[in-house]
Amino acid sequence: MFVAQAENGRLVTLRDHQQAKALHERFVCPACLRPVGIRNGALMPAHFYHLGPPCAASEAESLPHLLGKQWLATLGEQFGYRSELEVYYPAIKQRADVVWLRGGKRTVLEYQCSPLSVEALARRTEGYAKLDLVVIWIAGPRYFDRWPASKQAKFLRYTAGGFQLLFLDPQAGVLSQWTLHADHIDQRLQWPNRVQQRRLDYAERLVAEAKAVQAGLRFREPKVMALQAQAAKQGLNVAGVPWVVHQQLRHLPGLVLPEWQLRTWWLLQFQTAPIQKAAEAAFWHQFSQVRTPLVPAQAVLEAVRRQWLAVLKQAGYLQETSLFWQWRQPPNWYATVNEKLQQLR
Ligand SMILES: [Zn+2]
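All figures in this text were calculated on a predicted structure; none of them were measured in a lab. (Residues numbered from 1 in each chain as written. Predicted model: local features only at pLDDT ≥ 70, side-chain atom pairs only at ≥ 80, totals over all residues. Heavy atoms only, no water.)

Q: Help me out: how do you make sense of the sheet that holds strand E5 (residues 47-50) in this one?
A: The strand order E2-E1-E3-E4-E5 describes an open sheet built from 5 strands, whose pairing is antiparallel. Each edge of the open sheet carries a strand with a single partner, namely strand E2 (11-13) and E5. In the sheet, strand E4 (residues 35-39) pairs with E5 via 4 bridges, with the strands oriented antiparallel. Counted as the bridge partner of isoleucine 38 is phenylalanine 48 from E5. (Pairing = 2+ DSSP bridges. Helix = DSSP H or I, 4+ residues; strand = E, 2+ residues; numbered from the N terminus.)

This is the structure:
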């Protein structure tokens, strides 16, 4: 950490090695009031550390975490905010990594580099909400992947721009904002003085998807077996699930079941009769255990649902009336995965 309390009670923020060298007082942690020392080596920025075990308000410090906090503080200043590092809020016993201040408005930035459970992230977000503070969560290097999945879901946020994730690579000095569209991701890369846009398109891997379903059956994955049991009641085989369940997915992280499985459950429930709109809307509630603490489950499911209905409509399977979704023709199931793959060729 960069901030500690001196014996006279004043808070000292470490800014560089020079300053750290000149400090010879005793310091304590502003959260737990236990003694801290100064580490002033060559590899990391000068920082305080608990002489004993770190307290609950302190994240284990790593080089990316220290650099990231400094980087975000600097970025805030370039945006015209006043930045404060490690602001401790005794009422909620939380230490914000960085706070940006302007005109009486405060924005908390949490830069997460260590593991953190979904529950802990939710709890810390609620803590800030009690103080009327908005918190922006930014994921560190351990959360970098090519495509967002369950590991990134806890950072998913919903803004006017849509579903977004934020990542900071402090060594490269770049903050990236990902906006998750159905068929692509817009990446906005922010250096302190430069912005660049990139687009990443999802490629449909239909053959691989079909084979993955078959593998799920072969390895008796419980979620796939539950689907298979339901399909069997209708004389169907999940290995031959219609192609449309793999096509044009919404690709949002945090769902309790893979999107193709949600779509398959939906087909098994609704494919044999006209679909009452109220029943269709109610169907999605059973999957509301979404792992996205910053976004209501219903918002995620609604996006998945809309995409699915749009795909069925566009493909000519469904048409909409005021009370019903009506089948023009339900999608075709195949007897086996081989029959399904042959149809693709
Ligand atoms: Zn402490």
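Q: What exactly am I supposed to notice about helix H6 (residues 259-270) here?
A: Every α-helix winds through 3.6 residues per turn, so residues three or four apart in the chain are directed the same way. Here H6 spans 17 Å end to end across 12 residues, near enough to the 16 Å set by a 1.5 Å rise per residue. The element H6 is extensively covered by neighbouring structure, given that 10 of its 12 residues are classed as buried. Within H6 the residues assigned to the buried category are Glu259, Trp260, Gln261, Leu262, Arg263, Thr264, Trp266, Leu267, Leu268 and Phe270. (Expected span 1.5 Å × (residues − 1). Buried < 20%, exposed > 50% of the residue type's maximum accessible area, 1.4 Å probe, protein only.)

Q: Before we go on, may I ask you to explain the coordination of the zinc ion in this structure?
A: Tetrahedral coordination by four donors places them ideally at 109.5 degrees to one another around the metal; octahedral coordination by six donors ideally gives 90 or 180 degrees. In the first shell of the zinc ion, the protein supplies Cys29 (SG), Cys32 (SG), His50 (NE2) and Cys55 (SG), at 2.1 to 2.3 Å from the metal. For the zinc ion, the single-chain donor residues occur in sequence as C-x2-C-x17-H-x4-C. Here the residue cysteine 32 occupies a position in the loop between strand E3 (27-28) and E4, and cysteine 55 occupies one in the loop between E5 and helix H2 (63-78), the gap between them amounting to 23 residues. We classify cysteine 55 as buried; its relative accessible area is 11%. (Donors = N, O, S within 2.8 Å, 3.2 Å for Na, K, Ca; no water.)

Q: Whenever I open this one, the UniProt feature "domain: Competence protein CoiA-like N-terminal" (unreviewed entry) in the chain confuses me. Can you help?
A: Sites flagged by UniProt as "domain: Competence protein CoiA-like N-terminal" (unreviewed entry) map to residues 17-51. Counting secondary structure, residues 17-51 comes out at 14% helix and 31% strand; the distance between its end C-alpha atoms is 19 Å. (UniProt positions renumbered as here; feature names shortened; annotations may be inferred.)

Q: What is the right way to read the layout of surface pockets from this model?
A: The gaps left among the atoms become clear once a water-sized probe is rolled over them. There is about 910 Å³ of room inside the largest pocket. Along the wall of the largest pocket there are 31 residues; nearest its centre are Tyr202, Glu209, Leu249, His251 and Glu259. For the lining of the largest pocket, the element with the most residues is helix H4 (residues 206-218), which contributes 5 residues. Of the residues assigned to the lining of the largest pocket, the class counts are 17 nonpolar, 8 polar and 6 charged. The residues that make up the lining of the largest pocket include at least three from each of domain 2 (59-201) and domain 3 (206-344). What the second largest pocket holds in volume is close to 550 Å³. Around the second largest pocket, the lining comprises 30 residues; the ones closest to its centre are Ala56, Ala57, Ser58, Glu59 and Ala60. Sorting the residues of the lining of the second largest pocket by element identifies E5, H2, strand E7 (94-102), strand E8 (105-112) and helix H3 (118-130) as the ones contributing at least two each. Ranked by residue count, the leading element in the lining of the second largest pocket is E5, at 4 residues. A class-by-class count of the residues in the lining of the second largest pocket yields 11 nonpolar, 8 polar and 11 charged. Per-domain counts for the lining of the second largest pocket show at least three residues from each of domain 1 (1-58) and domain 2 (59-201). (1 Å grid on protein atoms, 1.4 Å probe; cavity = no way out; pocket = protein on both sides within 12 Å on 5 of 7 lines; lining within 4 Å. Points joined across faces, edges and corners; volume = space filled by probe spheres on them. Nonpolar A, V, L, I, M, F, W, Y, C, P; charged D, E, K, R; others polar. Domains from an automatic or database assignment.)

Q: Even after reading the chapter, I still don't get the packing of H4 against helix H9 (residues 337-344), so can you show me in this structure?
A: Packed helices, taken two at a time, are described by the angle their axes make and the gap between the axes. At a minimum axis distance of 10 Å, the contact between H4 and H9 shows a crossing angle of 175°. Comparing the axis directions of H4 and H9 gives the class roughly antiparallel. Of the residues in H9, those in contact with Leu206, Val207, Ala210, Lys211 and Gln214 of H4 are Val337, Lys340, Leu341 and Leu344. Residue composition of the contact of H4 with H9, by class: 6 nonpolar, 1 polar and 2 charged. (Axes fitted to C-alpha atoms, helices over the stretch in contact; angles between N-to-C directions. Parallel < 35°, antiparallel > 145°, perpendicular 65-115°, else oblique. Contact = heavy atoms within 4.5 Å.)

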